[in-house]
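# Overview (structure and organization)
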Number of protein chains: 2
Amino acid sequence: MKISKDSIQAAADRIKPYIHKTPVLTNQSINELSGIEFYFKCENFQKIGAFKIRGGMNASLKLSPEQLAKGVATHSSGNHAQAMAFAGKLLGTKSYIVMPSTSPQVKVNAVKGYGAEVIMCEPNQQAREETLQNIVNKTGATFVHPYDNDDVIEGQATCVKELIEEVPNLDIVITPVGGGGLLSGTCLGAHFFKPSLQVFAGEPEGAADAVLSFKSGKVEKAPFVNTIADGLLTTLSERTLAIIKEHVTDIILVTEDEIKAALRLIYERMKIVVEPSCVVPFAAALKNPEIFKGKKVGIILTGGNVDLSKFGEWFAAPTH
Amino acid sequence: MKISKDSIQAAADRIKPYIHKTPVLTNQSINELSGIEFYFKCENFQKIGAFKIRGGMNASLKLSPEQLAKGVATHSSGNHAQAMAFAGKLLGTKSYIVMPSTSPQVKVNAVKGYGAEVIMCEPNQQAREETLQNIVNKTGATFVHPYDNDDVIEGQATCVKELIEEVPNLDIVITPVGGGGLLSGTCLGAHFFKPSLQVFAGEPEGAADAVLSFKSGKVEKAPFVNTIADGLLTTLSERTLAIIKEHVTDIILVTEDEIKAALRLIYERMKIVVEPSCVVPFAAALKNPEIFKGKKVGIILTGGNVDLSKFGEWFAAPTH
């Protein structure tokens, strides 16, 4: 493991000029109704609208001038694509983003808006990887994986570090888990900067690979996939699982109704726009008062890049 | 006119313990695409989710102990209802809120949640006023009008005062206009604390009473009413019109499509939840670059109490 307290501190210093120090918000009415003292780290207000800029920027800034001259590449239909495109723009290097042909046009436009070259591929894992490999072979660009990459994990670790600095007496932090980049970064950030801080994760029942992997100790697939938390569809890697196994207290599953109710609470009470993936840890806390009640609980609100046309579906019928 | 620089300062001091000092947000991408330097005063993050707590709290705090003992009363289906209910709760006095029978259940529940007594009436102006008068006769409660009240206007004036303190070199401020409480308060706040600050208002074409009144010089009705900006359906009073006539540079009309496009921009770029009424001044600025380009323009984002089930309608089809 090359990630250390010093390396996370160095990552924080490295990316500082390029990112926002996002606010930590609290909400009296949510605290009153839940009996939990929540601290929301608002990465929805981050550059590119998500925490992913931390890892993407850190990985890009660690490249040599020779590597940077050849560009960066990744495959992603989500926020990591925007992160790498934005990093490429800031650093004046070419970015190649492989996106599945099913990507919403708004996301493709956002990535192109940062000057990235978008390469479309069939919407399956094999096509993604082959297309990416072709790009890398042709251009010599450096592949920065969305989460199976130590520099990316190190960058994501800076988020909980900021949260700890702002709320030093935090008891627990909860993140969502998809591929595990943020969760493993959060584990390491907590381990090095506040070892007593407990780390939990929230995961949708409709993308329950991480909880299975956490229990069996090997990378598992989700039994079925069906969730509005579409940022959490990816699967852990050996790298992220190893860190998560060592440091995470538990991974808590939540239903779609619980996600929608939590989403509604955040929009109605906090007046902020967040992605459904964000509220999975919040929903996990709300459904387990026996664990979280009376505690100071940090929630990393991971991003706010929503497709507004989905609002009708998400908020169709009150669930509370 | 009993409202003065000293009285607005006193109002600010009076309500300070009970309200939030709301943040002023800026957004680089909105500034880049518009060529306008916007400063958004985020009253959607205010107590009760709207600026109305300023006027409601100021009026309530100015009552004598004898008046307070008999309670406060108002008619409103919107944020002023919540403001008076919340003020009543904080001050330990009874609040009586007359609401039309067509009020959304979520708003009725919010008002009741602050411990107010809600009295339903037929959804017309005569029924509102009669029902309110009955309550006042029976209880001796003090009626605090949503905007036709100097103490309320004085309280609303504290918002632009805070904005000026945070952005001293502001060129222009724009507010929405419904009954004119916020607009006339903003006029007086600007007049006393930064006389060079120009005041504009934005109004929906589908509720265009204020612009007609501003031009004719007497209180006019809207030619037709049809807008998603449902906080702006009320009509100016003689009191608010007099202030507006003296101090406002212009009232700018916007269409429903312009409101929706502006709403979409705020949600997508700023990741915050605001009411459609909020974005009317923002839409007014975007459509008139010849007036606002290159200027430092303050926008009071008045509130964030939205009915989430409306999202499907507001964001149905992209308008930009």
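Regarding its fold elements, chain A presents 15 helices and ten strands. Relative to its length of 320 residues, chain A is compact, with a C-alpha radius of gyration of 18 Å against a globular reference of 20 Å. Taken along its principal axes, the extent of the C-alpha atoms in chain A is 55 × 45 × 40 Å. Split into buried and exposed, the 320 residues of chain A put 59% on the buried side. For chain A, the share of sequence-separated contacts (at least 6 apart) that also reach a separation of at least 24 residues comes to 73%. On chain A, roughly 12200 Å² of surface is accessible, and the fraction owed to carbon and sulfur atoms is 49%.

In this section: the relation of the copies chain A and chain B. With an RMSD of 0.0 Å, the fit of chain A onto chain B corresponds to turning through 179° and sliding 0.0 Å along the axis. The operation mapping one copy onto its partner corresponds to a two-fold rotation axis. A shared binding surface is used by both copies, with 100% of the interface residues of chain A retained as interface residues in chain B.

For the rest of this paragraph, the subject is the sheet that holds strand β2 (residues 37-42) of chain B. Residues and elements named next belong to chain B. With respect to topology, six strands assemble into an open sheet ordered β1-β2-β10-β7-β8-β9, the strand pairing being mixed. Strands with a single pairing partner mark the edges of an open sheet, and in this sheet they are β1 (24-25) and β9 (248-254). Direction of pairing for strand β7 (residues 172-176) relative to strand β10 (residues 296-301): parallel, over a ladder of three bridges. Residue pairing across strands places V173 opposite G298, the latter belonging to β10. Along the sheet face, helix α10 (residues 209-216) touches β8 (198-204) and β9 and points at about 145° away from the line of β9.

Time to look at the state of the cysteines. In this structure the tally under the stated criterion is zero disulfides over all chains. Residue A:C42 stays outside any disulfide, its sulfur separated by 8.9 Å from that of A:C278, the closest cysteine.

Let us now look at helix α9 (residues 181-193) of chain A. Residue and element names in this part refer to chain A. Here α9 is 13 residues long and its end C-alpha atoms lie 18 Å apart, about the 18 Å a rise of 1.5 Å per residue gives. With ten of 13 residues buried, α9 is to be regarded as a mostly interior element. Along α9, the positions that sit buried rather than exposed are G181, L182, L183, S184, G185, T186, C187, L188, G189 and A190. Considering only its buried residues, α9 is in contact with α1 (5-15), α8 (150-166), β7 (172-176), β8 (198-204), α11 (238-247) and β10 (296-301).

What follows is about the pattern of salt bridges. What the rule picks out here adds up to 32 salt bridges over all chains. Here A:E162 ties to A:R54 by a salt bridge, and the two come within 3.1 Å at their closest N and O atoms. With A:E162 in helix α8 and A:R54 in helix α3 (residues 52-61), this residue pair connects regions lying 108 residues apart in the sequence. Here A:E162 and A:R54 have matching classes, each one buried. One salt bridge connects B:K287 with B:E258, and the closest N-O pair in it is separated by 3.0 Å. Here B:K287 is found in the loop between α13 (280-286) and α14 (289-292), whereas its partner B:E258 is found in helix α12 (residues 256-270), with 29 residues between them in sequence. Judged by relative accessible area, which is 33%, B:K287 ranks as partly exposed. Bridged by salt links that share partners, the residues A:K2, A:R14, A:K62, A:D151 and A:E154 form one connected network.

It is common to give the size of an interface as the accessible area that goes away when the parts come together. Contact with chain A, which involves 19 residues of that partner, is made by 19 residues of chain B. With both sides pooled, the region where chain A packs onto chain B buries about 1600 Å², and carbon together with sulfur makes up 65% of that total. Per-residue buried area on chain A facing chain B is highest for A:K271, A:V273 and A:L308; these three make up 41% of the total on that side. Counting the contacts that link chain A with chain B gives zero salt bridges. Run the count over chain A and chain B and you get eight residue pairs in polar contact (both at pLDDT 80 or more). Looking at the side of chain A that touches chain B, the elements with two or more residues in it are α12 (256-270) and α15 (311-314) of chain A.

Let's shift gears to the packing of aromatic side chains. On inspection of all chains with the given rule, the structure shows 25 aromatic pairs over all chains. When the centroid spacing of 5.1 Å and the interplanar angle of 65° are considered together, the rings of B:F200 and B:F292 count as edge-to-face. Note that B:F200 is positioned in strand β8 and B:F292 in helix α14, a separation of 92 residues in sequence. Grouped by ring-pair contacts, the aromatic residues A:Y267, A:F311, A:W314, A:F315, B:Y267, B:F311, B:W314 and B:F315 constitute a single cluster. We note A:K161 situated over the ring of A:F193; from NZ or CZ to the ring centre the distance is 5.5 Å.

Residue and element names in this part refer to chain B. Most of β10 is tucked away: six of the six residues are buried. Every second residue of β10 is oriented toward a common face, with K296, G298 and I300 on one face and V297, I299 and L301 on the other, all of them buried. Both β2 and β10 contribute to a ladder of six bridges, which runs parallel. Counted as the bridge partner of K41 is I300 from β10.

What follows covers unusual backbone geometry. Notably, A:I48 is not glycine yet its phi reads approximately 60°, a positive angle. With respect to the secondary-structure elements, A:I48 resides in the loop between β2 (37-42) and α3.

Another aspect to go through is the domain arrangement of chain A. All names here are of chain A. The assigned domain composition of chain A is domain 1 (5-51 + 149-314) and domain 2 (53-143). The centre of domain 1, based on its C-alpha atoms, is set 24 Å off from the matching centre of domain 2. Each side of the interface is counted separately: domain 1 has 25 residues, and domain 2 has 17 residues. Taken over both partners, the interface formed by domain 1 and domain 2 buries close to 1700 Å², and the fraction arising from carbon and sulfur atoms is 59%. Interface area lost by domain 1 to domain 2 is led by R14, Y18 and I48, which between them contribute 37%. Along the contact surface separating domain 1 from domain 2 lie four salt bridges. D151 serves as the salt-bridge partner of K62, at 2.9 Å between the closest nitrogen and oxygen. At the surface where domain 1 touches domain 2, the tally comes to 13 residue pairs in polar contact (both at pLDDT 80 or more). At eight residues, the largest contribution of residues to the side of domain 1 that touches domain 2 is made by α8.

In this section: the side chain of A:Q46. All names here are of chain A. Locating Q46 in the fold gives a position in the loop between β2 and α3. Side-chain polar atoms of Q46 contact the backbone nitrogen of H20, separated by 2.8 Å. What Q46 contacts, discounting residues up to four positions off in sequence, is I19, H20, T22, F51, I53 and R54.

Calculation rules
- The residue numbers shown here count from 1 along each chain, following its written sequence.
- Starting at A for chains and at 1 for ligands, labels are handed out in the order in which the entities are written.
- Only residues with pLDDT of at least 70 are given local features in this predicted model, and only at 80 or more are side-chain atom pairs given and counted; all residues enter the totals for whole chains, interfaces and linings.
- Side-chain figures throughout are based on the complete set of non-hydrogen atoms in the structure, without hydrogens or water.
- In this description a helix means any DSSP run of H or I spanning at least four residues, a strand means any run of E spanning at least two, and both kinds are numbered starting from the N terminus.
- Two things to know: the radius of gyration comes from C-alpha atoms, and the globule rule equals 2.2 Å times the number of residues to the power 0.38.
- Three exposure classes are used, based on accessible area relative to the maximum for each residue type with a 1.4 Å probe and protein chains only: buried under 20%, partly exposed in between, and exposed over 50%.
- Any two residues having at least one pair of non-hydrogen atoms within 4.5 Å are treated as being in contact.
- The protein chains shown are the only cover counted for residues, whose accessible areas, like all others here, come from Shrake-Rupley with a 1.4 Å probe.
- Alignment of the copies relies on least squares applied to C-alpha atoms, considering only residues that score at least 70 for pLDDT in both.
- Any two strands are treated as partners once DSSP identifies two or more bridges connecting them.
- A fitted line through C-alpha atoms serves as each axis, taken over the contacting stretch for helices, and the angle formed by two N-to-C directions is quoted from 0 to 180°.
- Only a pair of cysteine sulfur atoms within 2.5 Å qualifies as a disulfide here.
- Expected span of a helix: the number of residues minus one, times 1.5 Å.
- The rule for a salt bridge is simple: a side-chain nitrogen of Lys or Arg has to be within 4 Å of a carboxyl oxygen of Asp or Glu.
- Buried area, as used here, totals the accessible surface that two parts lose on assembly, with accessibility defined by a 1.4 Å probe and the loss added over both.
- In protein, a polar contact means a hydrogen-donor-capable atom and an acceptor-capable atom, both N or O and within 3.5 Å, with residues adjacent in sequence counting only if both atoms are side-chain atoms; elsewhere, any N or O pair within 3.5 Å suffices.
- Stacked, tilted and edge-to-face are the three classes assigned to paired rings of Phe, Tyr and Trp, where Trp is represented by its six-membered ring and a pair needs centres within 6.5 Å; plane angles under 30 degrees give stacked, over 60 edge-to-face, the rest tilted.
- Any Lys NZ or Arg CZ found within 6 Å of a ring centre and within 35 degrees of that ring's normal is scored as a charge over the ring.
- An automatic or database domain assignment supplies the start and end points of every domain.

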